Amino acid sequence: MGYERKRGKIAELNALLRGGAKDCFSLIVGIPEILSNVKYVITLDTDTQLPRDSAQQFVGAMLIR
C-alpha cells in the first residue's frame, strides 16, 4: 500500500488541525478555524478500550513536562 491508511489519515488530521488539508475530508462540521486551538489528540482503534479518566491523566502527565 503506497499510502498507509491509518497513519495517513492521522497525518491528514494533524495537517487539518494546523490549518491545512481541508480538501482531505469530505465533511467538516463546525468552525474549522478553532481547530488550531486543539492541543492534544488521542486516537484509538475500534477494539481499544480507554479506561475511565485515563484521557485526563494522559493530558495531565503531558502538562507536567
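Residues numbered from 1 in each chain as written. Predicted model: local features only at pLDDT ≥ 70, side-chain atom pairs only at ≥ 80, totals over all residues. Heavy atoms only, no water.

Student: Sorry, what's going on with the environment of Val38 here?
Tutor: Among the structural elements, Val38 can be located in the loop between α1 (5-17) and α2 (54-64). Measuring from C-alpha to C-alpha, the distance between Val38 and Thr48 comes to 22 Å, with ten residues separating the pair along the chain. Beyond its immediate sequence surroundings of up to four residues, Val38 is in contact with Leu17 and Arg18. (Helix = DSSP H or I, 4+ residues; strand = E, 2+ residues; numbered from the N terminus. Contact = heavy atoms within 4.5 Å.)

Student: So what exactly am I meant to see when it comes to the pattern of salt bridges here?
Tutor: Once the charged atoms of two side chains with opposite charge are near each other, the side chains can pair. Applying the stated criterion to the full structure yields two salt bridges. With a shortest N-O distance of 3.0 Å, Asp45 and Lys6 are connected by a salt bridge. With Asp45 in the loop between α1 and α2 and Lys6 in helix α1, the pair connects residues that are 39 residues apart, well separated along the chain. Residue classification places Asp45 among the partly exposed residues on the basis of a relative accessible area of 37%. Accessibility expressed as a relative area gives 52% for Lys6, which makes it exposed. Note that Lys9 and Glu12 form a salt bridge whose closest N and O atoms lie 2.8 Å from each other. Within this pair, Lys9 and its partner Glu12 are both found in helix α1, separated by three residues, close to a single helical turn. Taking the relative accessible area as the measure of exposure, Glu12 reaches 14% and is therefore buried. (Salt bridge = Lys/Arg side-chain N within 4 Å of Asp/Glu carboxyl O. Buried < 20%, exposed > 50% of the residue type's maximum accessible area, 1.4 Å probe, protein only.)

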